[in-house]
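Analysis of the macromolecular model
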Amino acid sequence: MSSYPAQLTSLIIGKLQAITIISPASVLISVLSRISVKEVDMDRVAKLASQKAVVIFSKSSCCMCHAIKRLFYEQGVSPAIYELDEDPRGKEMEWALMRLGCNPSVPAVFIGGKFVGSANTIMTLHLNGSLKKLLREAGAIWL
């Protein structure tokens, strides 16, 4: 790898935890494909999150997801809901949500295209009265 610039070498080593070099070209291709997949997943989450005033990334088997969806419905909100366990790229989107700071990864709630939080944050906002204000500002509710 001495023929590659030092920056490229450090990029390759920095992106892989364990590295088995077959050839410098195969390592570079492997690293670049991993980086581009992550970027595509992050872009997809960002695009989906901005398509409606309220977007919830969920799993159909998650009881907290069900509770959060119900809370929004009871507020008169019609959120866009993406069930990650029913999406062929759901696992990758789940990893992208975790990279955004959503832990656990679901439910992940976006209001006005911005990541607000998971179940604990949403319930806290609801109980202190801040959730309605956020929903009004995003155009999810009128009153």
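Look above for the structure.
Described below are features of the structure shown in this document.

Cut-off values and rules
- Residues numbered from 1 in each chain as written.
- Predicted model: local features only at pLDDT ≥ 70, side-chain atom pairs only at ≥ 80, totals over all residues.
- Heavy atoms only, no water.
- Disulfide = S-S within 2.5 Å.
- Salt bridge = Lys/Arg side-chain N within 4 Å of Asp/Glu carboxyl O.
- Helix = DSSP H or I, 4+ residues; strand = E, 2+ residues; numbered from the N terminus.
- Buried < 20%, exposed > 50% of the residue type's maximum accessible area, 1.4 Å probe, protein only.
- Pairing = 2+ DSSP bridges.
- Axes fitted to C-alpha atoms, helices over the stretch in contact; angles between N-to-C directions.
- Contact = heavy atoms within 4.5 Å.
- Polar contact = N/O pair within 3.5 Å; in protein donor to acceptor, adjacent residues only side chain to side chain.
- Right-handed = clockwise from strand over helix to strand, strands pointing away.
- Arc of directions from axis to C-beta.

1. Details of the state of the cysteines
Under the criterion given, the structure shown has 0 disulfides. For the unlinked cysteine C63, the closest cysteine sulfur is that of C62, found at 5.6 Å.

2. Some words on the pattern of salt bridges
This structure, assessed with the given rule, holds 8 salt bridges. Residue E94 is joined to K59 by a salt bridge in which the shortest nitrogen-to-oxygen separation is 3.1 Å. One end of the pair, E94, is in helix α4 (residues 90-99); the other, K59, is in the loop between β1 (54-58) and α3 (63-74), and 35 residues separate them in sequence. Given a relative accessible area of 23%, K59 falls into the partly exposed group. Overall, the relative accessible area of 11% leaves E94 in the buried class. Connected via shared salt-bridge partners are D41, R89 and E92.

3. Looking at the sheet that holds strand β3 (residues 108-111)
Taken in spatial order, the 4 strands of this open sheet run β2-β1-β3-β4, and their pairing is mixed. Pairing within the sheet leaves two strands with one partner each, and these edge strands are β2 (80-83) and β4 (114-117). Looking at each pair of strands side by side, their axes are set apart by 25° on average, direction ignored. Across 4 bridges, the pairing between β1 and β2 is parallel. Across the sheet, V55 pairs through a bridge with A80, a residue of β2. With respect to the sheet, α3 is in contact with β1, β2 and β3, its orientation differing from that of β1 by roughly 165°.

4. A closer look at the side chain of S118
Here S118 is to be found in the loop between β4 and α5 (119-127). By relative accessible area, S118 is classed as buried at 13%. Polar contacts involving the side chain of S118 include one to the main-chain carbonyl oxygen of P107, which spans 2.8 Å. Ignoring any residue separated from it by four or fewer positions in sequence, one finds S118 in contact with C102, P104, V106 and P107.

5. A short note on the pairing of β1
Burial analysis of β1 places 5 of its 5 residues in the buried class, the great majority of the element. Inspection of the sheet shows β1 paired to β3 by 4 bridges, in the antiparallel sense. If you follow V54 over to β3, its bridge partner there is I111. Note that the unit made of β1, α3 and β2 has a crossover that is right-handed.

6. Section: α5
Turning to α5, its buried residues number three or more, namely A119, I122 and L125. Seen from one end, α5 has its buried residues packed into an arc of 135°, which puts them on one side. Residues of α5 that are exposed and angled more than 90 degrees away from the buried face: N120 and L127. In this fold, the buried residues of α5 make contact with α3, β3, β4 and α6 (130-138). The first or second residue beyond α5 is G129, which carries a positive phi of 85°.

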